[in-house]
Amino acid sequence: MTDLRMFSLYSGSSGNAFVISSSFGTVLIDAGKSAKQLCLALNDAAIAPESIGAILLTHEHNDHISALSVFLKKHPIPVHLPEGCVRKLSSDPAVAPHLVSHPPKYTEEICGMRVTSFPTPHDSRASVGYRIEIPSKNGVLTLGYATDIGFVSRDVEEALLGCDWVVLESNHDPEMLKNGPYPYELKRRIASGRGHLSNGECALLAARLCNAGTKSLMLAHLSAENNEPALAYDECFSAIADRRVSITVAQPNLVTQMPLWEESSL
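Scope of this entry: the structure provided in the associated data block. Throughout this document, residue positions are counted from 1 along each chain, in the order its sequence is written. Totals for whole chains, interfaces and linings use every residue, but because this is a predicted model, local features are given only for residues with pLDDT of at least 70 and side-chain atom pairs only at 80 or more, for both listing and counting. Only hydrogens and water are set aside; all other atoms, that is, all heavy atoms of the structure, feed into the side-chain values.

**A short note on the nonpolar core**
With 29 residues, the main nonpolar core has Leu 9, Leu 28, Leu 38, Ile 55 and Leu 68 as its most contacted residues. Sorting the residues of this core by element identifies β1 (5-10), β2 (17-22), α1 (35-44), β4 (52-56), α3 (68-74) and β5 (79-82) as the ones contributing at least two each. Sort the elements by how many residues they give to this core and α1 lands first, with four residues. What Leu 28 contacts, discounting residues up to four positions off in sequence, is Leu 9, Ala 17, Phe 18, Val 19, Leu 38, Ile 52, Ala 54, Ile 55 and Leu 56. Leu 4, Tyr 106, Ile 132 and Ala 220 belong to the second-largest nonpolar core, a separate cluster that totals 26 residues. Each nonpolar core is a collection of buried residues, namely Ala, Val, Leu, Ile, Met, Phe, Trp, Tyr and Cys, held together in the definition by side-chain atoms within 4.5 Å. Burial classes follow relative accessibility: with a 1.4 Å probe on protein chains only, a residue under 20% of its type's maximum area counts as buried, one over 50% as exposed, and anything between as partly exposed. Secondary structure elements are taken from DSSP: a helix is a run of H or I of four residues or more, a strand is a run of E of two residues or more, and numbering for both begins at the N terminus. Contact criterion: two residues are considered in contact whenever any of their non-hydrogen atoms come within 4.5 Å of each other.

This is how it looks when you write it as structure tokens:
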């Protein structure tokens, strides 16, 4: 038994964090917001901060790293990140000693899980997603994680194909973005190939992933100003032919559990 549990602790422009806990170990993906908010969310998920064996960063934007400095003072654990992001984080003496840099594509066993990173197109110094293979009594179960992606590149799609669970960005509704309050330059950045994935782009990829065997999807990093959970959900639901697929929308300020399909197999 892996005793597997997976949660989005919070998701969106105000902060992002996702946790995977199994009998082999616990891994945190990103650490946005504050250390206090991170620990409160972990408590809501019934996961002790002391149990976390590693942090995987997707990139260096503040909504993915802002809890690190304070959190690491009490919980000194390795922080794995793309090598292009090291310079920004290494200036913080509370963070620098814990950094473990990697090329955009690497595979390594971390906390008993096989972690493979892949580059994602985003306007940061470097940005990656993760494919995480988790041992189970019936073989290996796989989670794919990809947010902050401007378009669906070959690297992104190839890494996510065949994953049992996928956390995928569904950031904005194009019409809401177009008619919303953001200044023109910010709208152009979000809609660009190095910005964020729209509901429609997410839905098209989700359909291909489900045709390849994905059983559970979590829609993540929704914009508070340019999207609505119902819009993201409905567009994804309409694109997927297999009604047995679970679709969940990650909440911006609440813990959201990733449903475990076929729990008896874990």
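**A few points about the packing of aromatic side chains**
Whether two aromatic rings pair depends on their centres lying within 6.5 Å, for rings of Phe, Tyr and Trp, where Trp uses its six-membered ring; planes under 30 degrees apart make the pair stacked, over 60 edge-to-face, and the rest tilted. Overall, the coordinates contain two aromatic pairs when judged by the stated rule. Measuring from ring centre to ring centre gives 5.5 Å for Phe 18 and Tyr 145, while their planes differ by 55 degrees; the resulting arrangement is tilted. Taken together, the positions of Phe 18 in strand β2 and Tyr 145 in strand β10 (residues 139-146) put the pair 127 residues apart, joining distant regions of the chain. No difference in accessibility class separates Phe 18 from Tyr 145, as the two residues are buried. Taking the centre distance of 5.9 Å and the plane angle of 15 degrees together, the rings of Tyr 233 and Phe 237 count as stacked. Pair noted here: Tyr 233 and Phe 237 are both in helix α9 (residues 229-239), with a separation of four residues, about one helical turn. Look at Tyr 233 and you get partly exposed, because its relative accessible area is 30%. The exposure class assigned to Phe 237 is partly exposed, which follows from its relative accessible area of 33%. Just above the ring of Tyr 10 sits the side chain of Lys 33; from NZ or CZ to the centre is 4.7 Å. The aromatic ring of Phe 237 is capped on one face by Arg 243, whose charged end is 3.9 Å from the ring centroid. Ring-over charges, as used throughout, are those where CZ of Arg or NZ of Lys falls within 6 Å of the ring centre and within 35 degrees of the ring normal.

**Topic: the packing of helix α8 (residues 199-211) against α9**
When two helices pack together, their arrangement is given by the angle between their axes and by how far apart the axes lie. At a minimum axis separation of 8 Å, α8 and α9 run at an interaxial angle of 35 degrees. As α8 packs across α9, the resulting crossing turns out to be right-handed. Taken together, the residues of α9 that come into contact with α8 (itself represented by Asn 199, Gly 200, Ala 203, Ala 206 and Ala 207) are Leu 231, Ala 232, Glu 235, Cys 236 and Ala 239. Class assignment for the residues of the contact of α8 with α9 results in seven nonpolar, two polar and one charged. Where helices are involved, their axes are fitted lines through C-alpha atoms of the stretch in contact, as for all axes, and angles between N-to-C directions lie from 0 to 180°. Crossing handedness is read from the near helix: turned anticlockwise from the far helix by less than a right angle, it gives a left-handed crossing, and turned clockwise, a right-handed one. Residue type decides the class: Asp, Glu, Lys and Arg count as charged, Ala, Val, Leu, Ile, Met, Phe, Trp, Tyr, Cys and Pro as nonpolar, and the leftover types, Gly among them, as polar.

**Some details on the sheet that holds strand β12 (residues 216-220)**
Pairs of strands are assigned from DSSP output, requiring at least two bridges between the strands. Pairing is mixed across the open sheet formed by seven strands, whose spatial order is β7-β8-β9-β10-β11-β12-β13. Strands with a single pairing partner mark the edges of an open sheet, and in this sheet they are β7 (107-110) and β13 (246-249). Strand-to-strand, the axes of this sheet are offset by a mean angle of 20 degrees, without reference to chain direction. As judged from the six bridges shared by strand β8 (residues 113-119) and strand β9 (residues 128-136), these two strands associate in the antiparallel manner. Across the sheet, residue Phe 118 finds its bridge partner in β9, namely Gly 129. Where α8 meets the sheet, its contacts fall on β11 (165-169) and β12, and the angle it forms with β11 comes to roughly 165 degrees. Most of the contacts of α9 go to β13, to which it runs at about 160 degrees, and overall it touches β12 and β13.

**Digging into the state of the cysteines**
Any pair of cysteine sulfurs within 2.5 Å is marked as a disulfide. Within this structure, the stated rule accounts for zero disulfides. For the unlinked cysteine Cys 163, the closest cysteine sulfur is that of Cys 210, found at 11 Å. Its relative accessible area of 0% is what places Cys 163 among the buried residues. Looking at Cys 202, it has no disulfide partner, and the nearest cysteine sulfur is the one in Cys 236, 5.1 Å off. The class for Cys 202 is buried, based on a relative accessible area of 0%.

**Some remarks on the side chain of Ser 22**
Structurally, the position occupied by Ser 22 is in strand β2. Within the local environment of Ser 22, its side chain forms a polar contact with the backbone nitrogen of Phe 24, the two atoms lying 3.0 Å apart. Nitrogen and oxygen atoms within 3.5 Å of one another constitute a polar contact, given that in protein one can donate a hydrogen and the other can accept it, and given that sequence-neighbouring residues count only through two side-chain atoms.

**What to know about the side chain of Ser 8**
Its location among the elements puts Ser 8 in strand β1. Given a relative accessible area of 3%, Ser 8 falls into the buried group.

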